[in-house]
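Notes for the structure review
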Amino acid sequence: MYIYKAGVIGAGAMGAEIAQVISYAGLPVVLKDVNQELVDKGIAKIRAIYDGRVKKGKMSPEDAEKKIALVIPSTDNNSFKDVDIVIEAVPEKMAIKQKVFQEVQDIVPETAILATNTSALSISELGSATKRPGRVVGMHFFYPAHVMKLIEVIPGLATEEEVAADVMTFSETLRKIPVKVNECAGFLVNRLLMPYLNEAAFCLQEGAATVEEIDQAAVAFGLPMGPFTLVDNLGLDICYDVVQVLLNSYGSRMKPAELWMHFYEAKRFGRKTGGGFYPYEDTDTSKIKALISKAQATSPKKNTKFSIERLIYPMVNEAIMCVEEHVSTAADVDLAMLAGVGFPQEKEGILHYADATGLDKVLAELMALHETHGDRFWPATSLRRYVAAKFLGKKASRGFFEYST
Ligand SMILES: NC(=O)c1ccc[n+]([C@@H]2O[C@H](COP(=O)([O-])OP(=O)(O)OC[C@H]3O[C@@H](n4cnc5c(N)ncnc54)[C@H](O)[C@@H]3O)[C@@H](O)[C@H]2O)c1
């Protein structure tokens, strides 16, 4: 099914940007929120993105106006009566999202796709509250949506194959990189990212390294920013909610470091609250030091060692588990990490990195980390199988990928 017109529900941080992305691709898009003021704020945000493009000389003011005119502001669900897809970007609460779909399902055409931008809620559960679970699918954009290329396309248990395929094609129309992800808690990128962010917190609370040292090591590895800068950008509150979902699904290996709780309780969520692990508007660094000292004083482990492997290997291990569970293919895992996380291009993705390191070395390092830090480093089952079968990565010409000699 070709998508000629789209609708976005919720004109907040994500919704407004998603509408901008759709308008930029030349398609009309209805942008709805609960009142005119919020819709106007969304439209102002879209205008600011276009103004930025005009200022950089990337488009003419006339073209920008034509694109902005494609966004149809609305506070009324009846505006969705002729759309081919509705993308909801309302707050991350199952009850709100279910209600939003229930309200529009009889207004949109019967063939319309109901897509959700949820970060971590179950697509299947959301779909089950609608009359057409087959038309419900995850379409997970990354923040900021007008910059980030990746879209995770997540079919639920009842989603029709054609619906996921149509959303993949639609995502390409939007000049994005879609990756199909079979439904699991945290989907793909957040599932891989959270153990990495969590390990950074363990390193800090155990006195292994400072915030700055940890961030610098990640940047030296080739990531666009360090884990604490990333949490400050994403919002600790959002990360915290995702970690809870992961903990409920995967158990103890996702158990958050106590340090998160201290920052969470102090409402230091990052940039949006004026301060997080770094000072922004709130320049009083003593608050940061006090929270770190508190976490270090009560940490069950102290004076552990920092290494970049300690940060990266939990991600590698989780990536291997995703492949063994058929969440995504190895190639798609790598693509998602490049487009969604900014994993260094020259390493060609996280599983290419594991192959280049040598899977026997990855296994040995995970075992050593497990010995020191416990179960969260227990190697993925299939990693042993690869090593035993001498699928050792690049040096053996085969690992997660095949290499010509
Ligand atoms: N912010 C991120 O980094 C990010 C990244 C990826 C995905 N997400 C997901 O996107 C969704 C939205 O997140 P956000 O950060 O944009 O939230 P937000 O709070 O900035 O915006 C949500 C908007 O939805 C509106 N809304 C609530 N009920 C509505 C209704 N019935 N009809 C129309 N509008 C309604 C609110 O008024 C608000 O403007 C969440 O599911 C979140 O998990 C967020």
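What counts, and where the lines are drawn
- Residues numbered from 1 in each chain as written.
- Predicted model: local features only at pLDDT ≥ 70, side-chain atom pairs only at ≥ 80, totals over all residues.
- Heavy atoms only, no water.
- Helix = DSSP H or I, 4+ residues; strand = E, 2+ residues; numbered from the N terminus.
- Rg over C-alpha atoms; globule rule 2.2 N^0.38 Å.
- Buried < 20%, exposed > 50% of the residue type's maximum accessible area, 1.4 Å probe, protein only.
- Contact = heavy atoms within 4.5 Å.
- Areas by Shrake-Rupley, 256 points an atom, 1.4 Å probe, with all protein chains shown as cover.
- Pairing = 2+ DSSP bridges.
- Axes fitted to C-alpha atoms, helices over the stretch in contact; angles between N-to-C directions.
- 1 Å grid on protein atoms, 1.4 Å probe; cavity = no way out; pocket = protein on both sides within 12 Å on 5 of 7 lines; lining within 4 Å.
- Points joined across faces, edges and corners; volume = space filled by probe spheres on them.
- Nonpolar A, V, L, I, M, F, W, Y, C, P; charged D, E, K, R; others polar.
- Phe/Tyr/Trp six-rings, centres within 6.5 Å; stacked < 30°, edge-to-face > 60°.
- Near = heavy atom within 4 Å.
- Polar contact = N/O pair within 3.5 Å; in protein donor to acceptor, adjacent residues only side chain to side chain.
- Salt bridge = Lys/Arg side-chain N within 4 Å of Asp/Glu carboxyl O.
- Lys, Arg positive; Asp, Glu negative; His and termini not counted.
- Right-handed = clockwise from strand over helix to strand, strands pointing away.
- UniProt positions renumbered as here; feature names shortened; annotations may be inferred.

Broken down by element type, the chain carries 17 helices and 8 strands. In terms of C-alpha radius of gyration, the chain reaches 22 Å, essentially the compact-globule figure of 22 Å for 405 residues. Along the longest, intermediate and shortest principal axes, the C-alpha atoms of the chain span 60 × 55 × 45 Å. For the chain, the proportion of its 405 residues judged to be buried stands at 56%. Intrachain contacts of the chain at a sequence separation of at least 6 include 70% that bridge at least 24 residues. Carbon and sulfur atoms provide 55% of the accessible area of the chain, an area that totals close to 17300 Å².

Taken together, 8 strands build an open sheet; the order of strands is β3-β2-β1-β4-β5-β6-β7-β8 and the sheet is mixed. Every other strand in the sheet has two partners, leaving β3 (71–74) and β8 (177–180) as the edge strands with one partner each. Across the sheet, the axes of successive neighbouring strands diverge by a mean angle of 25°, strand direction being ignored. The pairing of strand β1 (residues 6–9) with strand β4 (residues 85–88) spans 4 bridges and is parallel.

A separate point is the layout of surface pockets. For the second largest pocket, the calculated volume is near 180 Å³. In terms of lining residues, the second largest pocket is bounded by 14 residues, among which Val211, Glu212, Ile288, Lys289 and Ile292 are the most central. With 4 residues, helix α12 (residues 286–298) is the single largest residue contributor to the lining of the second largest pocket. Residue classes in the lining of the second largest pocket are distributed as 8 nonpolar, 4 polar and 2 charged.

Once that is clear, we can look at the packing of aromatic side chains. This structure, assessed with the given rule, holds 12 aromatic pairs. Taking the centre distance of 4.8 Å and the plane angle of 50° together, the rings of Phe228 and Phe277 count as tilted. Placement of the pair is Phe228 in helix α9 (residues 227–234) and Phe277 in the loop between α11 (258–265) and α12, with a sequence separation of 49 residues. The pair formed by Phe228 and Phe277 is uniform in burial state, with each residue classed as buried. Through successive ring pairs, a cluster of aromatic residues spans Phe228, Trp260, Phe263 and Phe277.

Around the ligand lies a shell of 22 residues, among which Met14, Asp33, Glu92, Lys97 and Ser119 are the nearest. Lys32 places a polar side-chain atom, nitrogen or oxygen, 3.3 Å from a nitrogen atom of the ligand. A distance of 2.9 Å is found between an oxygen atom of the ligand and a side-chain nitrogen or oxygen belonging to Ser119. In the complex, the protein chains occlude 80% of the 840 Å² of accessible area that the ligand would expose alone. Elements represented by at least two residues in the shell around the ligand include exactly α1 (13–24), α4 (94–104) and β6 (136–141). A breakdown of the residues in the shell around the ligand according to their chemical character gives 12 nonpolar, 6 polar and 4 charged.

Across all of its chains, the model carries 19 salt bridges by this definition. Lys395 is paired through a salt bridge with Asp360; the nearest N and O atoms lie 2.9 Å apart. Residue Lys395 is found in the segment after α17 (381–388), and its partner Asp360 is found in helix α16 (residues 359–373); the two are separated by 35 residues along the sequence. Taken together, the salt bridges that share partners define one network made up of Arg191, Arg253, Glu318 and Glu325.

Counting through the fold element by element, Asp232 comes out in helix α9. No salt bridge is formed by the buried Asp232; its nearest oppositely charged neighbour, Arg271, is found at 6.8 Å. The residues touching Asp232, leaving out its near neighbours within four places in the chain, are Phe269, Gly270, Arg271, Gly276, Phe277, Tyr278 and Tyr280.

Looking now at the pairing of strand β2 (residues 29–32). Here β2 shows two buried faces, one formed by Val29 and Leu31 and the other by Val30 and Lys32. In terms of strand pairing, β1 meets β2 through 4 bridges, oriented parallel. Each bridged residue has a counterpart across the sheet, and for Val8 the counterpart in β2 is Leu31. Assessed by its sense of winding, the connection that carries the chain from β1 through α1 to β2 is right-handed. Note that β2 and β3 share 4 bridges and pair parallel.

Another aspect to go through is the UniProt feature "domain: 3-hydroxyacyl-CoA dehydrogenase C-terminal" (unreviewed entry) in the chain. Using the residue numbers shown here, the UniProt feature "domain: 3-hydroxyacyl-CoA dehydrogenase C-terminal" (unreviewed entry) corresponds to residues 186–280 and 306–403. Strand forms 0% of residues 186–280 and helix 62%; the C-alpha atoms that close the span are 29 Å apart. Annotation note: span residues 306–403, helix share 61%, strand share 0%, distance between end C-alpha atoms 32 Å.

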